[in-house]
Amino acid sequence: MELKTPLYDAHVKAGGKIVPFGGYLLPVQYETGIIKEHMAVRTQAGLFDVSHMGEILFQGPDALENLQHMMTNSFKNMVDGQARYSPMCNEQGGTVDDLIVYKKADNDYFVVVNASNKDKDYAWMKAHQFGDVQITDVSADYAQIALQGPKAIEILRKLTAEENIPSKYYYATFDTEVAGMPCILSKTGYTGEDGVEIYLPKDYAEKMWDSLLEAGKEEGLIPCGLGARDTLRMEAAMPLYGHEMDDEISPLETGLNFAVKMKKSDFIGKKAMEEKGEPTICRVGLKVVKRGIIREHETVFYQGQEIGHTTSGTHCPYLGYPIAMALIDKNYADPGTILEVEVRGRMIEAEVVALPFYKRG
Amino acid sequence: MEFRAELKYSQDHEWVKEEDGVVTIGISDFAQSQLGDLVYVNLPEVGDEVVVGESFGDVESVKAVSEVLSPVTGVVCEINEEILDAPESINEAAFDAWFIKVKDVTEYDELMNAEEYEAFCAK
């Protein structure tokens, strides 16, 4: 039984094609189609319902130490309102989930996790907590709306005062308002574009959604579904749990070294990572040389020898050619290397290229 | 949604037109709307044999790949190379963007007329 987000009725009304995802019923696209939705985010602005994401609070005198122990990144020296991305690992160094930790204030942290992992994460956190900390799943109280694209901030300015908008990427304003509604305004996203994510009490979700769409009419703001969210994150080479990482894949293999602080005194998974040493596989970007589309779970070859598998792949609407990400033997990971990927019995040539595929100018 | 009266349709959502012993095949407007934005098409080569109910090519949207099943058995005598370079033309005009032409047809799938097919899609 899938849950509905507070915006379900709005999606149906807007012609959203509804599919089950992460335990929720969400639009994969609207009548405009994935390509137009993708292009709107790259050139103007798009609006996403991401209310399926989970929100978990870490509060109390030992909140920071619990985060330091459970996550691979470090959250010391963060200022109030700052956000930091981190994997959360198991004892074997595999990835339980990847998430964002916001520091609201001392001893008060707001953690955002993937929808499909929320229950697993919460159980994991509760099982590993220590000292004086309250860990609370508040997902059911929150809706989340992402406003993304080069025009996103311009649209937002019509609905809130400039000082409410975080000036830097990965910063958030807590206890603020947009269009008169209480919310957390975070300068983050999953598209590779400028924009914000708005966390708000679920009862305001539909009114906020409508207010944003209305305010962004002139700028070409349109609602976008999960399909465009996926192609946008792929073009920006952002990893997705269950694809580029899972319980067996270490964040070092995914290439998330920046978020794994091996110098930290200890964290869950550190010992296993040290024992394993330098990973022998790594995540690469592939660009199809001729024709054909590569999807996930295809086998990758170098001169007939199997060297790994793809984790995501699609046709990129903005770049205009097919791309894929793959986990392969790192000896074949240099940009320019020509590999082959087997797709339904046919070999498709692909070139290793530097990540990200797309970076905004 | 368009259902062209002069065409016949298969349960797998291909449209079929027969003219002077040559059968032209494409996918229906309903099929393209269900598939979403198409970005890649794979077609057989001229001279290849196609068989009723078997895949002769595939279409890929941004999200997924779908096989195109042949509504006839015969030999491919022409392919529409334009759709290889412009798969979006199938979304724009599914009944003009034909896929293949087949000759020496020995077998037909059970086909519906436009009215029957429209009712079939509404199910």
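It should be emphasised that the depicted structure is a prediction, and the values quoted were computed from it without experimental measurement. (Residues numbered from 1 in each chain as written. Chains lettered and ligands numbered in written order. Predicted model: local features only at pLDDT ≥ 70, side-chain atom pairs only at ≥ 80, totals over all residues. Heavy atoms only, no water.)

Caption draft 1: Just the sheet that holds strand β5 (residues 54-59) of chain A, in detail. Residues and elements named next belong to chain A. The strand order across the open sheet formed by five strands is β6-β7-β8-β5-β9, and the pairing between neighbours is antiparallel. Strand pairing shows two members of the sheet lacking a second neighbour, β6 (83-89) and β9 (134-137), which therefore form its edges. Strand-to-strand twist of the sheet, defined as the mean angle between neighbouring strand axes without regard to direction, takes the value 25 degrees. Bridging between β6 and strand β7 (residues 95-105) involves seven bridges; their strand directions are antiparallel. (Pairing = 2+ DSSP bridges. Helix = DSSP H or I, 4+ residues; strand = E, 2+ residues; numbered from the N terminus. Axes fitted to C-alpha atoms, helices over the stretch in contact; angles between N-to-C directions.)

Caption draft 2: Fine view of the confidence of the model for chain B. Chain-level pLDDT for chain B is 95 on average; 100% of the residues reach the 70-or-more range. Our summary of model confidence lists the complex with pTM equal to 0.91 and ipTM equal to 0.76. (pLDDT = per-residue confidence, 0-100.)

Caption draft 3: Spotlight on the interface of chain A and chain B. With 18 residues of chain A at the contact, the number on the chain B side is 16 residues. When chain A packs against chain B, the two sides together hide about 1400 Å² of surface, and 46% of this comes from carbon and sulfur. When residues of chain A are sorted by the area they lose upon contact with chain B, Arg291, Arg295 and Arg344 of chain A head the list and together hold 39% of the total. Applying the counting criterion to the chain A and chain B interface returns 13 residue pairs in polar contact (both at pLDDT 80 or more). Grouping the amino acids of the side of chain A that touches chain B by side-chain chemistry returns four nonpolar, seven polar and seven charged. (Contact = heavy atoms within 4.5 Å. Buried area = accessible area lost by both parts, 1.4 Å probe. Polar contact = N/O pair within 3.5 Å; in protein donor to acceptor, adjacent residues only side chain to side chain. Nonpolar A, V, L, I, M, F, W, Y, C, P; charged D, E, K, R; others polar.)

Caption draft 4: Local environment of unusual backbone geometry. Residue and element names in this part refer to chain A. Put simply, Leu355 and Pro356 share a cis peptide bond, and its omega is 0 degrees. Its place among the elements puts Pro356 in the segment after β20 (346-353). One non-glycine residue, Gln303, adopts positive backbone phi at about 45 degrees. Structurally, the position occupied by Gln303 is in the loop between β16 (299-302) and β17 (305-315).

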